[in-house]
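Chain by chain, the residues run as shown.
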Amino acid sequence: MQLALFIIFAALAIAGALNLLLQKHPINSALSLVVVMLSLAVLYWSLGAEFLAAAQVIVYSGAIMVLFVFVIMLLNAGEEEHTTGSRAAYFAGIPGSLAVFCLLSFVFLRESKALGNVHMSNAPAGAMSNIAQISEVLFTKLLLPFEVTSILILVAILGAVVLARKEEHE
Amino acid sequence: MSTEVPIAAYLILAAILFSIGVGAFLIKRNVISIFMSIELMLNAVNLTFVAFAHKWGAVSGQIFVFFVMVVAAAEAAVGLAIIIAIFRTRKTLNVDQINLMQN
């Protein structure tokens, strides 16, 4: 069950990511990124992070990607054209990303034994739910960072409004 | 049970997604697509955080992912506003033509 869930949604995530890479039109890339984010939400849930699975759906695929789609429609972005500079990016990009993948997977496979397996019923008996655990740490130990993020969001809102505002010609 | 998934499989999946993100970041020419591949890389890193949080049975890794989501939301708002401002002045989304600092 767990293995089938992992295989299906891992394949879906990889297919979505490859589709993001191969599609020429940004709106197709945006929609395939939504597929990646939704399948990652299922994988979070299978790792016992229910709160993050919900937050992934609401924040990433609900808020951020809708913002992306809005901007793509607002700017009427068409298909990207390839220029001479992008040919060099092909020769640098494909070997570069393969090198990153080889390095990461080498490290992970070497430590594979020590990492062990995923246990679905990992929580000790009588444990609180995931949301209760997270909120207990978030509102006691990490209360100050949590409050500071609200200032960050406020600054981001103000910055977005100032940057996207039409300049007035006097 | 033989149907248990090793945690390394989740980490390898995150590595695959991260490298696709790196490749898309370098290959894509549309500035919005480049921005989306940054989001893909952030998601891959979040998956490793959740996998390690599961491994150690600690909730702090999940809280870190929560903060990453908050920062990604703020970053997306500001970044897309910058893209709109660039499009207003340059009338293009191609990164090869956005070379104001070159000349």
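Thresholds, definitions, all that
- Residues numbered from 1 in each chain as written.
- Chains lettered and ligands numbered in written order.
- Predicted model: local features only at pLDDT ≥ 70, side-chain atom pairs only at ≥ 80, totals over all residues.
- Heavy atoms only, no water.
- Helix = DSSP H or I, 4+ residues; strand = E, 2+ residues; numbered from the N terminus.
- Rg over C-alpha atoms; globule rule 2.2 N^0.38 Å.
- Buried < 20%, exposed > 50% of the residue type's maximum accessible area, 1.4 Å probe, protein only.
- Contact = heavy atoms within 4.5 Å.
- Areas by Shrake-Rupley, 256 points an atom, 1.4 Å probe, with all protein chains shown as cover.
- Polar contact = N/O pair within 3.5 Å; in protein donor to acceptor, adjacent residues only side chain to side chain.
- Buried area = accessible area lost by both parts, 1.4 Å probe.
- Nonpolar A, V, L, I, M, F, W, Y, C, P; charged D, E, K, R; others polar.
- Salt bridge = Lys/Arg side-chain N within 4 Å of Asp/Glu carboxyl O.
- Axes fitted to C-alpha atoms, helices over the stretch in contact; angles between N-to-C directions.
- Parallel < 35°, antiparallel > 145°, perpendicular 65-115°, else oblique.
- Expected span 1.5 Å × (residues − 1).
- Bend = angle between axes of the 7 residues up to and from the residue.
- Core = buried A, V, L, I, M, F, W, Y, C linked by side-chain atoms within 4.5 Å.
- pLDDT = per-residue confidence, 0-100.

Draft legend 1. Examining the overall build of chain A more closely. Of regular secondary structure, chain A possesses seven helices and zero strands. Walking chain A from its N terminus toward its C terminus, one meets helices and strands in the order α-α-α-α-α-α-α. In terms of overall dimensions, chain A is more spread out than a globule: its C-alpha atoms have a radius of gyration of 21 Å, far above the 15 Å expected for 170 residues. Taken over the C-alpha atoms alone, chain A extends approximately 65 × 45 × 25 Å along its principal axes. For chain A, the residues scored as buried account for 31% of the 170 residues in total. Of the contacts formed within chain A by residues at least 6 apart in sequence, a portion of 61% connects residues at least 24 apart. Taken as a whole, chain A presents about 10200 Å² of accessible surface, with 72% of it coming from carbon and sulfur.

Draft legend 2. Fine view of the overall build of chain B. Across its full length, chain B holds three helices and zero strands. Written out in order from the N terminus, the α and β elements of chain B read α-α-α. Taken against the 2.2 N^0.38 rule, which gives 13 Å for 103 residues, the C-alpha radius of gyration of chain B at 18 Å runs more than 25% over that of a compact globule. Projected onto its principal axes, the C-alpha positions of chain B cover 60 × 25 × 20 Å. Within the span of chain B, comprising 103 residues, buried residues form 58% of the whole. The long-range fraction of contacts in chain B, counting pairs at least 24 apart against all pairs at least 6 apart in sequence, stands at 55%. Entry remark: accessible area of chain B is about 4000 Å², with carbon and sulfur atoms responsible for 71%.

Draft legend 3. Structural context of the side chain of Ser61(A). Tracing the backbone shows Ser61(A) in helix H3 (residues 50–75). Engagement of the side chain of Ser61(A) in a polar contact is seen with the backbone oxygen of Val57(A), the distance being 2.9 Å.

Draft legend 4. The arrangement of the interface of chain A and chain B in detail. Counting residues at the interface gives 83 residues for chain A, matched by 67 residues for chain B. Taking both sides of the interface into account, the surface hidden between chain A and chain B amounts to around 6900 Å²; carbon and sulfur atoms contribute 77%. The interface formed by chain A and chain B holds nine residue pairs in polar contact (both at pLDDT 80 or more) in total. Contributing elements (two or more residues each) for the side of chain A that touches chain B: helix H1 (2–22), helix H2 (26–46), H3, helix H4 (84–110), helix H5 (112–115), helix H6 (130–140) and helix H7 (143–164) of chain A. Split into classes, the residues belonging to the side of chain A that touches chain B amount to 57 nonpolar, 22 polar and four charged.

Draft legend 5. Focus on the pattern of salt bridges. Residue and element names in this part refer to chain A. This model, assessed by the stated rule, comprises one salt bridge over all chains. Between Glu111 and Arg110 there is a salt bridge whose closest N-O contact spans 3.7 Å. Taking the relative accessible area as the measure of exposure, Glu111 reaches 35% and is therefore partly exposed.

Draft legend 6. Seen up close, the packing of H2(A) against helix H2 (residues 31–56) of chain B. The contact between H2(A) and H2(B) brings their axes to 10 Å, and the two run at 5°. Comparing the axis directions of H2(A) and H2(B) gives the class roughly parallel. In this structure, H2(A) contributes Pro26(A), Ser29(A), Ala30(A), Leu33(A), Val36(A), Met37(A), Leu40(A), Leu43(A) and Tyr44(A) to the contact, and H2(B) contributes Ser33(B), Met36(B), Glu39(B), Leu40(B), Asn43(B), Asn46(B), Leu47(B) and Val50(B).

Draft legend 7. Highlighting H3(A). Residues and elements named next belong to chain A. Under the 1.5 Å per step criterion, the end-to-end length of H3 is 36 Å for 26 residues, consistent within 8% with the ideal 38 Å. The sharpest bend along H3 reaches about 30° and sits at Met65. Directly beyond the C-terminal end of H3, a positive phi value near 55° is found at Asn76.

Draft legend 8. Representation of the nonpolar core. Counting 66 residues, the largest nonpolar core has Phe68(A), Tyr10(B), Ile32(B) and Leu47(B) as the members making the most contacts within it. Elements that contribute at least two residues to this core include exactly H1, H2, H3 and H6 of chain A together with helix H1 (7–27), H2 and helix H3 (60–90) of chain B. In this view, Tyr10(B) contacts Gln2(A), Phe6(A), Leu43(A), Ser46(A), Leu47(A), Val118(A), Val5(B), Leu47(B) and Ala51(B); residues no more than four positions away in its chain are not counted.

Draft legend 9. Region of interest: the confidence of the model for chain A. For chain A, the mean per-residue pLDDT works out to 86, and 90% of the residues sit at or above 70. H5(A) is the least confidently modelled element of chain A, averaging 79 in pLDDT, while H2(A) averages 93, the highest of any element.

Draft legend 10. Geometry of unusual backbone geometry. The backbone phi angle of Lys91(B) is positive, close to 60°, even though this residue is not glycine. What makes Lys91(B) exposed here is its relative accessible area of 61%.

Draft legend 11. Just H3(B), in detail. Compared with the 45 Å implied by 1.5 Å per residue over 31 residues, the 44 Å span of H3(B) between its first and last C-alpha is a close match. Just beyond H3(B), the residue with positive phi is Lys91(B), at close to 60°.

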